[in-house]
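What the coordinates show
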Amino acid sequence: MLNAMRTCALFLFFIMTLMAGKAEGTAPDSSNIVYRLPIFSNINSTTWIHTQRGFSEAQELNAKAIILHLNTYGGEVVFADSIRTKILNSEIPVYVFIDNNAASAGALISIAAKKIYMRPGANIGAATVVDQTGEAAPDKYQSYMRSTIRATAEAHGKDTIVSGNDTIIKWVRDPRIAEAMVDERVNIPGVSDSGMVLTFTTLEAMEHGYCDGIAENIEDVKKEIGLENAEIVSFKASFYDGIKGFLTSPLLSGLLILIIIGGIYFEMQSPGVGFPLIIAIIAAVLYFAPLYLDGLAANWEIALFVLGLGLIILEIFAFPGFGVAGISGIILAVTGLTLSLVGNVAFDFSGVHPGDFLTSLLTVILGMSGGIVLTIYLSNKLIGRQKGPFSRLALNTSQDIDKGYISVDSGIALMVGKTGVASTDLRPSGIIVIDDELYDARAIEGYIEKGEAVKAISYKSGQLNVRRIPTE
């Protein structure tokens with residue numbers, strides 16, 4: 001047990017040390033800075049972590065502008081939505097330079113920026129929500145994406161254009177065009193009337209208000225926004241960012257929950273601090289450590305999870321059936337795991353997007369459900385009766401009576417009807433002697449004193465039931 005605890009402590013120390021690391025380099029001392037944040041991969045949890053740290057660094061540097069250097073084919077909508085919200089709420093103006101592709105989730109992020117600049121030959125659009133096979137997701141997901149991208153375009157407001165005696169009010173970015181990037185059914189004459197999801201080239205985007213200028217590189221973008229003399233500071237990802245992004249991805253979070261549940265289940269099958277419990281503890285550390293250090297998982301949220309597990313274990317071992325303790329334990333465990341994934345302050349959810357909360361809840365429920373189902377399945381496969389590769393770890397052999405196995409000496413039953421003497425007092429149990437052999441016995445009527453004659457009346461549970469023989 002001591003070695004197991006030392007192993008967990010060393011592992012926890014390693015994780016905490018790793019997560020305490022900072023990105024290399026020292027921020028320049030300058031008051032005229034443009035902060036460049038490159039996004040050259042699919043939008044995922046790591047991208048979101050980079051974005052949060054990048055915006056924070058830009059704020060510390062008092063940067064004049066943030067330029068997202070973008071080249072992506074898309075990614076996970078929940079993280080793209082978080083990034084676009086970050087852009088819309090940023091105190092520092094955010095610009096996007098599309099260096100080839102801004103597809104799907106990349107289009108949503110781009111539309112959130114104050115200005116969009118594109119290289120010749122670049123593309124923006126094709127924001128239909130798809131599943132992991134590349135097929136279009138059900139319409140309820142498309143409906144949410146249509147609303148989100150439309151609201152993002154509307155956030156830039158309208159322009160008033162005076163032409164002679166005419167005053168024209170038009171959207172800076174037409175919400176219908178943004179919606180056409182998601183839904184092929186949106187028909188805009190001359191823009192999107194082919195029955196296909198809308199994607200713009202650079203020149204088409206310029207024509208319809210979805211590109212504010214053509215640029216070859218970041219230096220051109222600086223000139224376009226009037227900061228040609230500003231110094232560029234580029235975001236540099238740390239090793240910790242990649243580790244944290246990997247650990248906080250919904251897929252791995254669900255897998256860690258599965259391992260926690262599975263480890264506890266297997267440990268309860270073979271009590272004692274062993275390998276399954278160590279694995280469960282490591283999984284719990286990997287789940288909570290990055291969230292705790294980022295301020296997402298508070299002490300009380302972790303305590304809720306631990307308390308919930310305690311109640312579940314108490315219900316299993318102390319109270320047969322499943323009642324208040326077990327149900328309360330499940331609720332507390334799910335609540336602790338879910339709230340640790342969202343950025344709420346105590347029970348204030350004003351800054352939490354509903355989509356983030358639902359994603360977190362779904363991750364936890366699927367992880368726990370999958371953990372229970374998979375551990376029961378694996379317990380039968382791995383240590384099942386004479387089947388699994390680890391079946392020798394458990395005692396599965398049965399000793400059936402019809403095969404000649406009995407729990408006590410069958411010769412005792414043959415003593416029924418015989419007489420003997422009490423070797424000890426029977427109050428009501430004790431020892432008797434029959435044919436110079438000692439047997440366990442129980443007085444069925446009153447107490448029998450040592451030395452009194454007795455007769456075996458019946459046999460049950462490895463013990464003779466006896467009665468005193470009256471003296472004449």
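Residues numbered from 1 in each chain as written. Predicted model: local features only at pLDDT ≥ 70, side-chain atom pairs only at ≥ 80, totals over all residues. Heavy atoms only, no water.

**Let's talk about the packing of helix H2 (residues 45-60) against helix H3 (residues 77-88)**
Which entries qualify depends on this criterion: Fitted lines through C-alpha atoms serve as axes, helices being fitted only where they are in contact, and the angles separating the N-to-C directions of these axes extend from 0 to 180 degrees. Numbering of helices and strands runs from the N terminus; a helix is a DSSP stretch of H or I covering at least four residues, while a strand is a stretch of E covering at least two. Each angle receives one of four descriptions, namely roughly parallel if under 35 degrees, roughly antiparallel if over 145, roughly perpendicular if within 65 to 115, and oblique otherwise. Should the near helix be turned anticlockwise from the far one by less than a right angle, the crossing is termed left-handed; should it be turned clockwise, right-handed. Residue contacts are counted whenever heavy atoms from the two residues lie within 4.5 Å of one another.
Where H2 contacts H3, the two axes come as close as 9 Å, and the packing angle between them is 15 degrees. By the angle between their directions, the pair H2 and H3 is classed as roughly parallel. Here H2 runs over H3; the crossing is left-handed. Note on element contacts: H3 touches H2 through Phe79, Ser82, Ile83, Lys86 and Ile87, opposite Ser45, Thr47, Trp48, Thr51 and Phe55.

**A word on the packing of helix H4 (residues 105-112) against helix H5 (residues 139-154)**
Their axes nearest at 8 Å, the elements H4 and H5 cross at an angle of 25 degrees. As the angle between them shows, H4 and H5 are arranged roughly parallel. In terms of crossing hand, the pair formed by H4 and H5 is left-handed. Each of Leu108, Ile111 and Ala112 in H4 lies in contact with H5, whose residues at this interface are Met145, Thr148, Ile149, Thr152 and Ala153.

**Remarks on the packing of aromatic side chains**
We apply this condition: Here a Phe, Tyr or Trp ring, Trp counted by its six-membered ring, pairs with any other such ring whose centre lies within 6.5 Å, and the pair is stacked when the planes are under 30 degrees apart, edge-to-face when over 60, and tilted otherwise. We call a residue buried when its accessible area falls under 20% of the maximum for its residue type, exposed when it is over 50%, and partly exposed in between, using a 1.4 Å probe and counting protein chains only. Only when the NZ of Lys or the CZ of Arg is both within 6 Å of the ring centre and within 35 degrees of the ring normal is a charge said to sit over the ring.
Across all of its chains, the model carries one aromatic pair by this definition. Centroid distance Phe200 to Tyr210: 6.2 Å. Interplanar angle 55 degrees. Geometry classified as tilted. Separated by 10 residues along the polypeptide, Phe200 in strand E8 (residues 199-201) and Tyr210 in the loop between helix H7 (202-207) and strand E9 (213-214) bring together distant segments of the chain. Side by side, Phe200 and Tyr210 carry an identical accessibility label, which is buried. Residue placement shows Lys158 over the ring face of Trp171; its charged tip is 4.6 Å from the ring centre.

**Here we look at the pattern of salt bridges**
For clarity, the cut-off: The salt bridge definition used is simple: a Lys or Arg side-chain nitrogen within 4 Å of an Asp or Glu carboxyl oxygen.
This model, assessed by the stated rule, comprises 16 salt bridges. Between Glu179 and Arg176 there is a salt bridge, with its nearest N and O atoms 3.9 Å apart. Here the residue Glu179 and the residue Arg176 both occupy positions in helix H6 (residues 175-180), the gap between them amounting to three residues, near one helical turn. When its relative accessible area of 40% is taken as the criterion, Arg176 is described as partly exposed. Linked through salt bridges whose partners overlap, the residues forming this network are Asp139, Arg146, Arg150, Arg176, Glu179, Asp183 and Arg185.

**Re the environment of Ile188**
Relative to the helices and strands, Ile188 resides in the loop between H6 and E8. Spatially, the C-alpha atoms of Ile188 and Ile177 are 7.5 Å apart, while their sequence positions differ by 11 residues. Setting aside anything within four residues of it in sequence, one finds Ile188 in contact with Arg176, Ile177, Ala180 and Asp193.

**Description of the environment of Ile330**
In this structure, Ile330 sits in helix H13 (residues 324-339). Linking Ile330 and Leu311, residues 19 residues apart in sequence, is a C-alpha distance of 8.2 Å.

**Examining the nonpolar core**
For clarity, the cut-off: Only buried Ala, Val, Leu, Ile, Met, Phe, Trp, Tyr and Cys residues count toward a nonpolar core, and they belong to the same one when joined by side-chain atoms within 4.5 Å.
Counting residues in each nonpolar core, the largest one holds 53 residues, and the members touching the most others are Leu68, Ile124 and Tyr210. At six residues, H4 tops the list of elements feeding residues into this core. Setting aside anything within four residues of it in sequence, one finds Leu68 in contact with Leu37, Phe55, Ile87, Val94, Tyr95, Val96, Phe97 and Ile109. Counting 20 residues, the second largest nonpolar core, distinct from the first, contains Ala280, Phe305, Leu337 and Leu341.

Functional significance is not addressed by these values, which are geometric in nature.
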